Amino acid sequence: MGGPWQPPGTCVLLVLLLALPMLRVRATHPDCSVVLYFQEQEAECLEIIRSESQTPAPPGQQGCLTEWDGVSCWSALPVGQSRAVACPDILHVFKRSKVLIRRNCTESGWSFPSPPYYNACELEAIGSNNDTETKASYFVTMKVLYTCGYSTSLAALLLAIGIFSCFRKLHCTRNSIHIHFFTSFILRGAAVFIKDAVLFSDESIDHCTMSTVNCKAAIAFFQYSVLANFYWLLVEGMYLQTLLLLTFTSDKRYIWWYILIGWGVPMLTVCVWVVTRLQYDNHGCWDDYTSLYWWVIKAPILLAIFVNFLIFLNVTRMLAQKIRSPDISKNYKQQYMRLTKSTLLLIPLFGVHYVVFALFPEHIGVDARLYFELVLGSYQGFLVALLYCFLNGEVQAEIKRNWGKWQSSMESNVFNLATQDFTA
């Protein structure tokens, strides 16, 4: 107990090894708090040590200098005094313990911690090895599901964009907005695959401490695609409201405003977020959702969802008035119903869970959050393509008309070829 105490590099390693099964079970970035906590504590302690080294102690005064032992920072003390610290304060990793770890400053230096960290600091229950393997298998299955979901959505969205682009009769402001909306879903799916490839392709890399340009660029692109997705859904709601207000006149002049909102607002938001992170919180890979600066991204998304909800209520009110109005013809009523049913379904469907989860801390409802955002969210693009394109009566009629023309053309070519052979 009285011998010199050397900072053991294995102390923090022991704590991390004890907590590692929990990190593997939950497999979400907030669990990197264990690593980030010790990094922050070490940086603060080393800063104190640097400042003390620049201010030499008075001659004849003996004592122990400030020291980082791998777990806690021990402030400087005169010989013969002692200091006590509590266990690391990491939520959902260590149980709250009233036991204090004490060290004495002796003539030989700092004494060993008493009691040792592994006796004083008790971890939260983390389950058995079988439970850990079950959870690991669960997340592998979830990754397979959302990979299939995004792949299906990408294929459906590309086909829908091709249909809207190929048929001239489908070229209009409404379908142009749909194409931008589809593109935002394509970007979102691609961003998920890019993020997985950068962060999790190599299991030997600790993504908790990864801080490369590629990693930060992948996260910034992912945040932009998510923002663009929500804001193009907002544009869909705004366009629907404009149609009902203007009665299908003068809608083309608003297209550039829609593009500015759908792509420009997310770009401006992400640029502000990137500059903020570079200046004030340039740590890790920027995927720590517990950061205060995460609200730079979250607040605009919540604003878009809130405005869309107001549009949803207003459109419902206007639609009810127009359908009951005797001045509106039957064709216009059918047109209103066809245009509104998809958007009225999408507005409450997308973003409701986001609002619910935004009211709780990131560690609450992790399994439900992952299921909604990854698995169900991966099929949203397919649902959008289905509602706006494949189940659209106008699109179906145009495909049938062109299919009939193609069949007639083929039959005519076959007949001409047979006639030429007969008369030759």
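The structure under discussion appears in the preceding block.
Residues numbered from 1 in each chain as written. Predicted model: local features only at pLDDT ≥ 70, side-chain atom pairs only at ≥ 80, totals over all residues. Heavy atoms only, no water.

**Q** Please clarify how the overall build of the protein should be interpreted in this entry.
**A** Check the secondary structure of the protein and you find 13 helices and 7 strands. With 424 residues in all, the protein has 41% of them scored as buried. At a minimum sequence separation of 6, the contacts of the protein that also span at least 24 residues come to 72%. Accessible area of the protein: about 23,400 Å², with a carbon and sulfur share of 63%. (Helix = DSSP H or I, 4+ residues; strand = E, 2+ residues; numbered from the N terminus. Buried < 20%, exposed > 50% of the residue type's maximum accessible area, 1.4 Å probe, protein only. Contact = heavy atoms within 4.5 Å. Areas by Shrake-Rupley, 256 points an atom, 1.4 Å probe, with all protein chains shown as cover.)

**Q** Could you clarify how one ought to interpret helix H6 (residues 213-246) in this entry?
**A** Side chains three or four residues apart in an α-helix point the same way, a direct result of the helix having 3.6 residues per turn. Here H6 spans 47 Å end to end across 34 residues, near enough to the 50 Å set by a 1.5 Å rise per residue. Taking burial as the measure, the 34 residues of H6 include 27 buried ones, the bulk of the element. (Expected span 1.5 Å × (residues − 1).)

**Q** Would you mind showing me how to read the pattern of salt bridges here?
**A** Applying the stated rule across the entire model yields 6 salt bridges. Its salt-bridge partner being Glu-67, residue Arg-103 comes within 2.9 Å of it at the nearest N-O pair. Residue Arg-103 is located in strand E6 (residues 101-106), and its partner Glu-67 is located in strand E2 (residues 67-68); the two are separated by 36 residues in the primary sequence. The exposure classification of Arg-103 matches that of Glu-67, with both residues buried. Of the charged contacts, one joins Asp-281 and Arg-277 as a salt bridge, the two residues approaching to 3.5 Å between their closest N and O atoms. A single burial state applies to Asp-281 and to Arg-277, both of which are buried. Put simply, Glu-67, Asp-69 and Arg-103 are held in one network by salt bridges that share partners. (Salt bridge = Lys/Arg side-chain N within 4 Å of Asp/Glu carboxyl O.)

**Q** Is there a simple way to think about the sheet that holds E6 in this case?
**A** Note: strands within a sheet are paired through backbone hydrogen bonds, in either parallel or antiparallel orientation. Within the open sheet, the 3 strands sit side by side as E5-E6-E7. Their pairing is antiparallel. One side of each edge strand has no neighbouring strand; the edge strands of this open sheet are strand E5 (82-85) and strand E7 (109-110). Two strands pair when backbone bridges link them, and E6 and E7 are joined in this way by 2 bridges, in the antiparallel orientation. Residue pairing across strands places Cys-105 opposite Trp-110, the latter belonging to E7. (Pairing = 2+ DSSP bridges.)

**Q** What is the right way to read the packing of H6 against helix H7 (residues 255-280) from this model?
**A** Angle between the axes and distance between the axes are the two parameters that describe a pair of packed helices. At their nearest, the axes of H6 and H7 sit 8 Å apart, and the two run at 150 degrees to each other. The angle between the axes of H6 and H7 places the two elements in the roughly antiparallel class. At the point where H6 passes H7, the crossing takes the right-handed sense. On H7, the residues touching Ile-219, Ala-220, Gln-223, Tyr-224, Leu-227, Ala-228, Tyr-231, Trp-232, Val-235, Met-238, Tyr-239 and Thr-242 of H6 are Tyr-258, Ile-259, Ile-261, Gly-262, Trp-263, Val-265, Pro-266, Met-267, Thr-269, Val-270, Trp-273 and Val-274. Of the residues belonging to the contact of H6 with H7, the class tally is 20 nonpolar, 4 polar and no charged. (Axes fitted to C-alpha atoms, helices over the stretch in contact; angles between N-to-C directions. Parallel < 35°, antiparallel > 145°, perpendicular 65-115°, else oblique. Left-handed = near helix turned anticlockwise from the far one by under 90°. Nonpolar A, V, L, I, M, F, W, Y, C, P; charged D, E, K, R; others polar.)

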